[in-house]
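Results of the structural survey
Each chain is listed here by its residues.
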Amino acid sequence: MECEIYDMPLFRGGDRSVLEAALQRSPGRYASFRKGDFIAMQNNACRSLLLLCEGSVYAQMTSSEGRELTLDTLSAPDTLASAFLFGTENRYPVSIIANADCRLWIIDRECLRQILEQDRTVMNNFLTIISDHSLFLSRRINEFALQSLSSRIMGYLKDNHTIRNLQEVAFILGVARPSLSRMIAQMVDQGVVRKTPDGYILG
């Protein structure tokens, strides 16, 4: 097992002997994915923990009408699907798609359960990861359900400073590109947003 696993946020500060013993009984495996590959499909069963060692992924939800919404983008090192693994209905509510070439370490659910039962540090790390991801998702729900499109554009610009690719940002915000273009044009007219050679920025 490569030493980088010990440095993952989930196992940071944990007892290496506990981790090694558990993985000897139920070895994990590495998996590599190319940009655009589906790592997990929405509604499929979630039976393993995914540790993102290299690269980045995004979580996308697709409605029955085919509308797609990007909920989050995650970069290594990070833990994927932690909140779904031990649920009563442990299925992925989103698809996880490679945003770049990436490599994952995949650990069986029961192997992880053994580690959590034996190592309080790893258990606390796991709870923190679940809580942080849940907080992020609640904020995203607030953005989509309660905030206007202009507020979401403002929030995006505060976090990312520039809008360079309208299609990409429309995808992230879950709106049609023409709707985003119209709103940005209105915000430019209002002086809230300014167009520069590098893209749109706050005015």
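Residues numbered from 1 in each chain as written. Predicted model: local features only at pLDDT ≥ 70, side-chain atom pairs only at ≥ 80, totals over all residues. Heavy atoms only, no water.

1. Topic: the overall build of the protein
When its secondary structure is counted, the protein shows six helices and 10 strands. Buried positions account for 39% of the 203 residues belonging to the protein. Of all intrachain contacts in the protein linking residues separated by at least 6 positions in sequence, the fraction that spans at least 24 positions is 71%. Of the charged side chains in the protein, 22 are positive and 23 negative, and the gap between their average positions amounts to 6 Å. (Helix = DSSP H or I, 4+ residues; strand = E, 2+ residues; numbered from the N terminus. Buried < 20%, exposed > 50% of the residue type's maximum accessible area, 1.4 Å probe, protein only. Contact = heavy atoms within 4.5 Å. Lys, Arg positive; Asp, Glu negative; His and termini not counted. Charge placed at Lys NZ, Arg CZ, Asp CG, Glu CD.)

2. Details of the pairing of strand β7 (residues 95–98)
Taking every second residue as pointing to the same face, both faces of β7 are buried, with S95 and I97 on one and I96 and A98 on the other. Here strand β2 (residues 38–40) pairs with β7 via two bridges, running antiparallel. Across the sheet, A40 pairs through a bridge with I96, a residue of β7. Summarising the sheet, strand β4 (residues 56–62) and β7 pair through four bridges and their orientation is antiparallel. What sits directly across from Y58, in β7, is I97. (Pairing = 2+ DSSP bridges.)

3. With respect to the layout of surface pockets
Volume-wise, the largest pocket comes out at about 680 Å³. Looking at the largest pocket, it is lined by 26 residues, and the ones nearest its centre are T73, R140, Y156, N160 and I172. At the level of secondary structure, the elements contributing two or more residues to the lining of the largest pocket comprise β5 (68–75), α3 (120–146), α4 (149–160) and α5 (166–173). Taken together, 21 residues make up the lining of the second largest pocket; nearest its centre are A59, D72, F84, V94 and L137. Put simply, the parts of the chain that give the lining of the second largest pocket at least two residues each are β4, β5, β6 (78–80) and α3. Ranked by residue count, the leading element in the lining of the second largest pocket is α3, at five residues. A class-by-class count of the residues in the lining of the second largest pocket yields 15 nonpolar, four polar and two charged. (1 Å grid on protein atoms, 1.4 Å probe; cavity = no way out; pocket = protein on both sides within 12 Å on 5 of 7 lines; lining within 4 Å. Points joined across faces, edges and corners; volume = space filled by probe spheres on them. Nonpolar A, V, L, I, M, F, W, Y, C, P; charged D, E, K, R; others polar.)

4. Structural notes on the packing of α4 against α5
Interhelical geometry of α4 versus α5 gives an angle of 115° and a closest axis separation of 11 Å. As judged from the angle between their axes, α4 and α5 are roughly perpendicular. For the element pair α4 and α5, the recorded crossing hand is right-handed. Contacts between α4 and α5 involve L149, R152, I153 and Y156 from the first element and V169, I172 and L173 from the second. (Axes fitted to C-alpha atoms, helices over the stretch in contact; angles between N-to-C directions. Parallel < 35°, antiparallel > 145°, perpendicular 65-115°, else oblique. Left-handed = near helix turned anticlockwise from the far one by under 90°.)

5. A few points about the pattern of salt bridges
Scanning all chains against the criterion turns up four salt bridges. Among the salt bridges present, the one from R34 reaches D101, with a minimum N-O distance of 3.3 Å. Of this pair, R34 sits in the loop between β1 (29–33) and β2 while D101 sits in the loop between β7 and β8 (102–108), placing them 67 residues apart in sequence. For D101, a relative accessible area of 45% translates into the label partly exposed. With a closest N to O distance of 3.0 Å, R103 and E54 form a salt bridge. You can see R103 sitting in strand β8 and its partner E54 sitting in strand β3 (residues 48–54), a full 49 residues away along the chain. (Salt bridge = Lys/Arg side-chain N within 4 Å of Asp/Glu carboxyl O.)

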